[in-house]
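Architecture and fold: a report
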Amino acid sequence: MIITNNKALRLPDVMTGEASDFEAAVIKGLSRPRKSLPCRFFYDARGSELFEDITKLPEYYPTRTEIAILEAHAAEMTKTVFERAVLVEFGSGSSRKTEILLKNLRDLASYVPIDVSQSALCDAKRRLVERFPALIVRPIVGDFARPVTLPEDLIEAPKLGFFPGSTIGNFSPAATGRLLGTMRDMLSPEGRLIIGVDLKKDARALVRAYDDAEGVTAAFNLNLLARINRELEGSFDLDGFRHEAIYDPREGRIEMHIVSLKRQTASARGRGFRFEPGETIHTENSYKYSIGQFQNIARAAGWAPGRVWLDDGNLFSVHELIAGQLNTSSRHDV
Ligand code: SAH
Ligand code: AVI
C-alpha cells in the first residue's frame, strides 16, 4: 500500500494532489523576473527513468562512488542499529543503494521509503519484496521537506534515517539546516542518519558531471518543459531551449538552467510566459561541501557529527549524524 501523510490513498488522489502542486509552482516560478522551477518536479515517471540513466554515465561520478563507499562500510554503518528498528529513507528513488544496507539489516521492523515519485516507489517496492521476502516495505509519496507523519505503529520504534545521493545538496545551506532539523524530529528519539554529501572538487569535473557528452542530463533538465506540456496543456517548443550547467565557486554550487534560444512565448494552463533570447529558467542547485562545512550545518540543526566515510579519491562523503538529547530551544535560537 502507498500512503501519503499516513492516509491510505487511491492512485488518482495522489496524482491530483501532485498535479495541482505542480501547476501552482510553474505559474509562480515562471512569473518571476528571474524564472525558476523547484527541482523536485524533475521526478515524474520519465524524469525518474532519466535520473537512473544519469547514474550510469561515466561523467556522473557520485552514484558509483557512493555505492563503493557503502559497499566497503555498510557493516560498520549498520552495526549499532537496534533490533526491530525502522529504516526511513528520504528521496529513495530506485532504492538500489538501500539494498546494500538491507543485506546487513535482517531484523528490521519496516522499511519506509519517502519520495515524490510514485513510479519510483512502486518499482522499488516490487523489486525489494522479491529480493527480501521478510522485509515489510511501507512507501510514502510526499515531499520530505514538509514534516511527514510516519505510520502510527512505527512512531515509537528506534529509527535509522538514510539520505543518500547528495540530494541534500539540492537545498540551500539555510534550507539544509531546516531540513536536517525536520529529519531529526522525525527520527527521534535517539535517531541516527546516514547521509551522502558530494564534496568540493575541480570545477571542470563538476561541470562534466552535469553536462554529459551523451546529453542525458540535458534531456533530464528539458523533461521539465515536456512535463509542463504533458500535464498542464503546455506549448513549450523543446527545440527552442537548451540545457546549461555552470559552477559558481562563490556559492560552491552547480547551477542547472534551461536557456531560451530566441524571443518566444509559451503557455501553461492558458497562462502565457515571455522569454528573451538567452533568458533562463533556473531549475536546480547542487551544493558541494567540505566535510567541516557540512558538519557545521548539521551541528546547528541539532545533530552530533559521527563517523565520516570517504572514497580514495575524496570525491564523495557519507556522514553519520547522531541525535543527542533534544535541546530544541537552543536549536531554534541559533
Ligand atoms: N536516493 C537515490 C535517488 C536520488 S535522486 C540515489 O541516491 O540514487 C533524488 C530522489 O529524491 C528522486 O527519487 C526524487 O524523486 C526524490 N526527491 C527529490 N526531491 C524530493 C522531495 N522534496 N521530497 C521527496 N522526494 C524528493
Ligand atoms: C538528486 N540530485 C542529488 C542530483 C544531483 O547531482 O544534484 C540530481 C541531478 N541533477 C543533474 N544530474 C543529477
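In this report, we go over the structure that sits alongside the text. Since the model is a prediction, treat every value here as computed from it, not as a measurement.

The rules we used
- Residues numbered from 1 in each chain as written.
- Chains lettered and ligands numbered in written order.
- Predicted model: local features only at pLDDT ≥ 70, side-chain atom pairs only at ≥ 80, totals over all residues.
- Heavy atoms only, no water.
- Near = heavy atom within 4 Å.
- Polar contact = N/O pair within 3.5 Å; in protein donor to acceptor, adjacent residues only side chain to side chain.
- Nonpolar A, V, L, I, M, F, W, Y, C, P; charged D, E, K, R; others polar.
- Helix = DSSP H or I, 4+ residues; strand = E, 2+ residues; numbered from the N terminus.
- Buried < 20%, exposed > 50% of the residue type's maximum accessible area, 1.4 Å probe, protein only.
- Contact = heavy atoms within 4.5 Å.
- Areas by Shrake-Rupley, 256 points an atom, 1.4 Å probe, with all protein chains shown as cover.
- Expected span 1.5 Å × (residues − 1).
- Bend = angle between axes of the 7 residues up to and from the residue.
- Core = buried A, V, L, I, M, F, W, Y, C linked by side-chain atoms within 4.5 Å.
- Pairing = 2+ DSSP bridges.
- Axes fitted to C-alpha atoms, helices over the stretch in contact; angles between N-to-C directions.
- Parallel < 35°, antiparallel > 145°, perpendicular 65-115°, else oblique.
- Salt bridge = Lys/Arg side-chain N within 4 Å of Asp/Glu carboxyl O.
- Left-handed = near helix turned anticlockwise from the far one by under 90°.

Our next topic: the site of ligand 1. Taken together, 17 residues are adjacent to ligand 1, and Gly91, Lys97, Asp115, Asp143 and Phe144 come closest. The separation between an oxygen atom of ligand 1 and a polar side-chain atom of Lys97 is 2.7 Å. Considered class by class, the residues forming the shell around ligand 1 number five nonpolar, seven polar and five charged.

What follows is about unusual backbone geometry. Note the cis peptide between Ser188 and Pro189, where omega equals -5°. Of note, Asn314 is a non-glycine position whose phi angle comes to about 55°, a positive value. Residue placement: Asn314 occurs in the loop between β13 (303–310) and β14 (316–323). Take Asn314: its relative accessible area is 45%, and that puts it in the partly exposed class.

Another aspect to go through is the environment of Val216. Inspection of the secondary structure puts Val216 in helix α8 (residues 216–231). Distance from Val216 to Phe51, taken between C-alpha atoms, is 8.5 Å for residues 165 residues apart in sequence. For Val216, the residues in contact, after removing those within four places along its chain, are Leu50, Asp53, Ile54 and Leu57.

So, about the site of ligand 2. The immediate surroundings of ligand 2 are formed by 14 residues, with Tyr60, Asn170, Tyr210, Glu284 and Ser286 found nearest. Side-chain polar atom of Glu284 to a nitrogen atom of ligand 2: 2.7 Å apart, as the coordinates give it. Bound to the protein, ligand 2 loses 97% of the 330 Å² it would expose on its own. Considered class by class, the residues forming the shell around ligand 2 number seven nonpolar, six polar and one charged.

Here helix α3 (residues 61–78) is 18 residues long and its end C-alpha atoms lie 24 Å apart, about the 26 Å a rise of 1.5 Å per residue gives. The axis of α3 is deflected most strongly, by about 55°, at Ala72.

Residues Val26, Leu30, Leu225, Ile228 and Phe236 are the most contacted members of the largest nonpolar core, which totals 36 residues. Judged by nonpolar contacts, the second largest core, of 33 residues, contains Phe90, Ile140, Ala157 and Leu321.

The buried count for strand β12 (residues 280–287) comes to seven of eight residues, which makes it a mostly enclosed element. In the sheet, strand β9 (residues 253–260) pairs with β12 via seven bridges, with the strands oriented antiparallel. Each residue of the ladder has a partner; that of Val259, found in β12, is Thr280.

Turning next to the packing of helix α2 (residues 45–55) against α8. Viewed as axis vectors pointing N to C, α2 and α8 meet at an angle of 180°, and their least axial separation amounts to 9 Å. It follows that α2 is roughly antiparallel to α8 by the angle criterion. Each of Arg46, Gly47, Leu50, Phe51, Asp53 and Ile54 in α2 lies in contact with α8, whose residues at this interface are Val216, Thr217, Ala219, Phe220, Asn223 and Arg230. Taken together, the residues of the contact of α2 with α8 break down into six nonpolar, three polar and three charged.

Two strands pair when backbone bridges link them, and β13 and β14 are joined in this way by six bridges, in the antiparallel orientation. Paired with Val308 across the two strands is His319, which belongs to β14. Linking two consecutive strands that pair antiparallel, namely β13 and β14, is a turn of five residues; a positive phi of about 55° is found at Asn314 within it.

Where side chains of opposite charge bring their charged atoms close, a pairing between them can arise. Considering all chains together, one arrives at 26 salt bridges under this definition. Two residues, Asp44 and Arg230, come together in a salt bridge whose shortest N-O distance is 2.6 Å. With Asp44 in the loop between α1 (11–31) and α2 and Arg230 in helix α8, the pair connects residues that are 186 residues apart, well separated along the chain. It is possible to trace a salt-bridge network through shared partners that takes in Asp21, Arg40, Asp143 and Arg146.

Here the focus is the packing of helix α6 (residues 173–187) against helix α9 (residues 291–300). Packed helices, taken two at a time, are described by the angle their axes make and the gap between the axes. Where α6 meets α9, the axes come as close as 8 Å, and the angle between the chain directions of the two elements is 50°. The pairing of α6 with α9 is recorded here as oblique in orientation. In the packing of α6 onto α9, the handedness of the crossing is right-handed. Touching Pro173, Thr176, Gly177 and Leu180 of α6 are Phe294, Ile297 and Ala298, all from α9. When its residues are assigned to classes, the contact of α6 with α9 shows five nonpolar, two polar and no charged.

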